Amino acid sequence: IGGTLLRHRFEGDEVAVLTLTGGDGGRRAEEAARAAELLDAQLFLFDLPVGEVPEGEPAVGLIAGVIDEVVPSVVYTHSLNDQRTDHRRAHHATLAVARRIPTVFCYEGPSATVDFRPVRFVPIDPFVDAKLQVVDAFAREGAVRRYLDPELVRATGRYWGRFGDARYCEPLEVAWDTAGLAAESTAAAIAPVTG
């Protein structure tokens, strides 16, 4: 959802990214820091073991701590419809602690399944090139992971654009939306992710 987060920044919103894995100071931490810099986002980087993110503690406590510090009006998290166990667990942990947040959206990660069913499509036309720069922060990963190929990232946005009011869109499932943002622009955001 790099385009969506860039849109938030353009609209004057503050953005924070919470990464549950990869905070060991190595390559993943460097990539996350570079991506956050390009997004002009505050980065919260933790080092839970990859493949072992729990639905409960300590993930719940880490996410709750960031929510308490940032006080977001919108939270983005992984879709439950994802092949990776860490992503599904991050989804459950986020929903467990984000109950008081008015709006929670779930995004399509590269390991989302065909059961991903978005109903909100965020226009990102002016942000596509900047999003590709953020993706490029993970360039080393791109050599191994095809889903980071800039052509595929652009094509995916173009595909979802057919459902939205733009050439390029990012799709979101709605966990809940008591603020009614699914039909309008979004406000300050936090995006818990796993590496």
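Our structure is the block above this text.
Residues numbered from 1 in each chain as written. Predicted model: local features only at pLDDT ≥ 70, side-chain atom pairs only at ≥ 80, totals over all residues. Heavy atoms only, no water.

## A word on the pattern of salt bridges
So, step 1. Taken as a whole, this structure holds seven salt bridges when the rule is applied.
So, step 2. Ionic pairing is found between R27 and E31, a salt bridge with its closest N-O pair at 3.3 Å. On the criterion of helical spacing, the pair formed by R27 and E31 is a turn pair, its members being four residues apart in helix α2 (residues 27-39).
So, step 3. Since its relative accessible area comes to 30%, R27 is described here as partly exposed.
So, step 4. By relative accessible area, which is 6% here, E31 ends up buried.
So, step 5. D68 is paired through a salt bridge with R100; the nearest N and O atoms lie 2.3 Å apart. Separated by 32 residues along the polypeptide, D68 in helix α3 (residues 59-70) and R100 in the loop between α4 (85-97) and β4 (103-107) bring together distant segments of the chain.
So, step 6. Accessibility expressed as a relative area gives 48% for D68, which makes it partly exposed.
So, step 7. In this structure R100 comes out as exposed when scored by relative accessible area, which is 55%. (Salt bridge = Lys/Arg side-chain N within 4 Å of Asp/Glu carboxyl O. Helix = DSSP H or I, 4+ residues; strand = E, 2+ residues; numbered from the N terminus. Buried < 20%, exposed > 50% of the residue type's maximum accessible area, 1.4 Å probe, protein only.)

## Side note on the packing of aromatic side chains
So, step 1. Going through the model one piece at a time under the given rule, you end up with eight aromatic pairs.
So, step 2. Judged by centre distance (5.8 Å) and plane angle (25°), the ring pair of F121 and W160 falls under stacked. Of this pair, F121 sits in strand β5 (residues 120-123) while W160 sits in helix α7 (residues 150-161), placing them 39 residues apart in sequence.
So, step 3. Residue classification places F121 among the buried positions, given a relative accessible area of 17%.
So, step 4. Taken together, a centroid distance of 5.6 Å and an interplanar angle of 45° make the contact between W160 and F163 tilted.
So, step 5. Owing to a relative accessible area of 11%, W160 belongs among the buried residues under this scheme.
So, step 6. The class of F163 is partly exposed, set by a relative accessible area of 40%.
So, step 7. Three or more aromatic residues joined by ring pairs form one cluster here, namely F116, F121, Y159, W160 and F163. (Phe/Tyr/Trp six-rings, centres within 6.5 Å; stacked < 30°, edge-to-face > 60°.)

## Some words on unusual backbone geometry
So, step 1. Note the cis peptide between E57 and P58, where omega equals 5°.
So, step 2. Take P58: it is sitting in the loop between β2 (42-48) and α3.
So, step 3. Phi is positive for D40, which is not a glycine, with a value near 55°.
So, step 4. Turning to its location among the elements, D40 is positioned in the loop between α2 and β2.
So, step 5. Note on D40: relative accessible area 48%, which makes it partly exposed.
So, step 6. In this model, V71 sits at a positive phi of 50°, which is unusual for a non-glycine residue.

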